Amino acid sequence: MGTIMEEQKKPTVNLSQHSSFMSSLKTQLKETFFPDDPFRHFAGLPPRRRAWFVLSYFAPILQWAPNYKPSFFAYDLLAGITITSLAIPQGISYAKLANIPPVIGLYSSFTPPLVYAVFGSSNNLAVGTAAAVSLLLSSSIRDTVSPENEPEKYLFTIFTAAFFSGVFQLALGIFRLGILVDFLSRSAITGYMAGAAMIIILQQLKGLLGLEHFTSKTDVVSVVEAVFQNRHEWKWQSAILGLGFIIFLLATRRLKEKIPKLFWVNAISPLLVIIMGGVLAFLVNGKDHGIPIVGELKKGLNPISLSQLQFKSPYLSAALQAGLVAGFTALAEGIAVGRSFGLLKNEQTDGNKEMIAFGLMNIVGSFTSCYVTTGPFSKSAVNYHAGCRTPMSNVIMAICMMLVLLFLAPLFKYTPLVALSAIIVVAMLGLIELHEIHHLFKVDKFDFCVCISAVLGVVFANIEVGLLLSVGLSIIRAMLHMARPTTCRLGNVPGTGLYLDMKNYPDSTTFPGFLILQLGSPIYFVNASYLRERITRWVEAEENCTKEKGQDLHYIIFDMGGVAAIDNTGIGMLFEVHRMLGKKMIQMAITNPRGQVVEKLMAAGFIDVVGKEWIFLSIEDAISGCNFALEEGKRNGKQEHV
């Protein structure tokens, strides 16, 4: 009698809870689109103050500007000037990479940083153009519009692509669809950036060798073929000058690694290369001596380009395709960079806010003669190491760039193309993370395959193929994990109340007549058949084992603590397993089911079929309950026999 009372006093699983459909839907939508619960602090505030907080949430400048300290300005001023010195050569170089006028690269470091300073959530991100995005835009659009034959139409299509990138990014941010960017895994980004860097480096052979003719394709075979087919155009002057610039830039990078305090030397080295190359080209009249130069750069601020956007065929389809891919790539790079540097300062970077900021700055940029911008790693790293405190550093950079555009732009006329190629080559070398690729090979071979597929796709096909390959493999891997969830047999670790995987803990003990299985992952239609077959194999193996010992299998206990969700197919699978076990005279018990799972099992009638008395809080409770039932069964059997 005492034993029965003890069994009744034990806590049991709550089988009475029930949530309405709308309540469940609201919870699921909230966890999907608002996992950070951004408005949790606004409850209970008066309407006016709540409105201010909502407004400041979407425009973070209203949060940091009122609290801006004078002591911050010195750091932001230094950071802003430093990243300007990098933005000038990068802007000219990456515009050349995109086959658009160099001054467009300078324009793109004036308007977008101002927009980002208002709407961006990262204190460390420095806005500007990116090499991979520049090459992607060029390779995507030039098949439809030739930059050589239709330079104006090509440029206007680039602006249109920036507009579509902004609309795409803004929509993702407004509708809280940052989850889509999560499909671009770290291994995919590593491989994609490495492959893009290799292609960009090969593309720079045109500038390093002073070639006039080159291929419009980006794959390695076409590039190498173009280099050797035009070897009669090779200019030794450009090659020697380019090699000297590369050695100088690599030396300053090495100096930064040896003496971190001298990071600013590495930061201004691209500008020094531009200045030295420009002076040299001017003195020796480089254009006539095998050293091609940039040419005229118009003085003045960004002209309005709203009326130049192309919304007619065939430009529309090319701009839309390029804009979506470039926008996705820019988001992935910018958010990853912002989060990386935010972690170093223990600061929070909101991915959805960043999407809104990127979207607005690219939409406004497309109206003001800018092309797609993001938060490139090199510039953001310089901003971080320069000691930036707030997005004010982007405002400082924009003001400095305004002064350059108003007064200094024509001075960059004599910039040698080989100097730009050298800057790009050295910048791209930093994106080939061999140590990270080696780390992936050691830790996870599938991640390594994802990474290498991105590299090979970019190098031997094009950037879009590499990106799609890596994302596709990442999605396939996620689907495989869902379709083949881990199921293991549990045993008791001696001297503890823990029940763990017997493969990892071979010394763990089992109980005669009991089979304890742990079900992981949500149980959905994609894995229900596999789980049924896997459970059947476990049961058959255990039956064979117990028969050899002259025993019977009486109970199978399912630990469902790791089952986050279940659908109708999964519930049907449990019914089938229960019928199969019933035919074998084996009782099913369930432990630690989650509330959402319990609700569905109750609604489907599964709990009534199994019996509420066979639902337990823990494996230990289940074993105690099963042993009690077994003893009761034996006692009743003896009484009937008597």
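- The name an unreviewed UniProt entry gives the protein chain is STAS domain-containing protein, with Dendrobium thyrsiflorum as the organism.
- Quoted verbatim from the Subcellular location (unreviewed entry) field of the UniProt record, the comment on the protein chain reads "Membrane".

**Digging into the nonpolar core**
So, point 1. Ranked by size, the top nonpolar core spans 99 residues in total, and within it Ile 100, Leu 137, Tyr 192 and Met 428 carry the most contacts.
So, point 2. If near-sequence neighbours (up to four positions away) are discounted, Tyr 192 is found in contact with Ala 132, Leu 136, Thr 329, Ala 454, Val 458, Ile 463 and Leu 467.
So, point 3. If you look at the next biggest cluster of nonpolar residues, it comprises 50 residues, including Ala 528, Val 539, Trp 614 and Leu 630.

**Details of the side chain of Glu 543**
So, point 1. Relative to the helices and strands, Glu 543 is located in helix α23 (residues 528-548).
So, point 2. If we skip the residues at most four places from it in the chain, Glu 543 touches Leu 553, Lys 584 and Ile 586.

**A short note on the sheet that holds strand β3 (residues 514-520)**
So, point 1. Taken in spatial order, the 6 strands make up an open sheet running β2-β1-β3-β4-β5-β6, and their pairing is mixed. The outermost strands of the open sheet, each flanked by one partner alone, are β2 (499-501) and β6 (615-616).
So, point 2. Both strand β4 (residues 555-562) and strand β5 (residues 587-591) contribute to a ladder of 5 bridges, which runs parallel. Counterpart to Ile 556 in the pairing with β5 is Met 588.
So, point 3. On top of the sheet, α23 reaches β1 (487-492), β3 and β4; it is set at about 160° to β3, its chief contact.

**Some points on the state of the cysteines**
So, point 1. A full pass over the atoms with the stated rule returns 0 disulfides.
So, point 2. There is no disulfide at Cys 400, and the cysteine sulfur nearest it, in Cys 388, is 15 Å away.
So, point 3. Considering cysteine sulfurs only, Cys 451 is the nearest to Cys 449, which forms no disulfide, with 9.8 Å between them.

**Things to note about the pattern of salt bridges**
So, point 1. Per the stated rule, a full pass over the model turns up 8 salt bridges.
So, point 2. The shortest N-O distance in the salt bridge between Arg 477 and Asp 447 comes to 2.9 Å. Separated by 30 residues along the polypeptide, Arg 477 in helix α22 (residues 463-483) and Asp 447 in helix α21 (residues 445-460) bring together distant segments of the chain.
So, point 3. A salt bridge links Glu 543 to Lys 584; its shortest N-O distance comes to 3.4 Å. Of this pair, Glu 543 sits in helix α23 while Lys 584 is found in the loop between α24 (568-583) and β5, placing the two residues 41 residues apart along the sequence.
So, point 4. A relative accessible area of 33% means that Lys 584 is categorised as partly exposed.

About the thresholds
Within each chain, residues carry numbers counting from 1 in the order of the written sequence. Restriction of local features to residues with pLDDT of at least 70 applies here, the model being predicted, together with a cutoff of 80 or more for giving and counting side-chain atom pairs; totals for whole chains, interfaces and linings are based on all residues. The basis for every side-chain value is the complete set of heavy atoms in the structure, and neither hydrogens nor water enter the calculation. UniProt positions are given in the numbering used here, feature names are shortened, and annotations may be inferred rather than shown by experiment. Buried residues of nine kinds, namely Ala, Val, Leu, Ile, Met, Phe, Trp, Tyr and Cys, make up a nonpolar core once their side-chain atoms join them within 4.5 Å. We call a residue buried when its accessible area falls under 20% of the maximum for its residue type, exposed when it is over 50%, and partly exposed in between, using a 1.4 Å probe and counting protein chains only. Between two residues, a contact is recorded if the distance between any of their heavy atoms is within 4.5 Å. Strands here are runs of E lasting at least two residues and helices are runs of H or I lasting at least four, both read from the DSSP assignment and numbered beginning at the N terminus. When DSSP locates at least two bridges between a pair of strands, those strands are taken to pair. The axes are straight lines fitted to the C-alpha atoms, using for helices just the contacting stretch, and the angles between their N-to-C directions are given from 0 to 180°. Cysteine sulfur atoms are paired as a disulfide whenever they fall within 2.5 Å. A pair is scored as a salt bridge if a Lys or Arg side-chain nitrogen falls within 4 Å of a carboxyl oxygen belonging to Asp or Glu.

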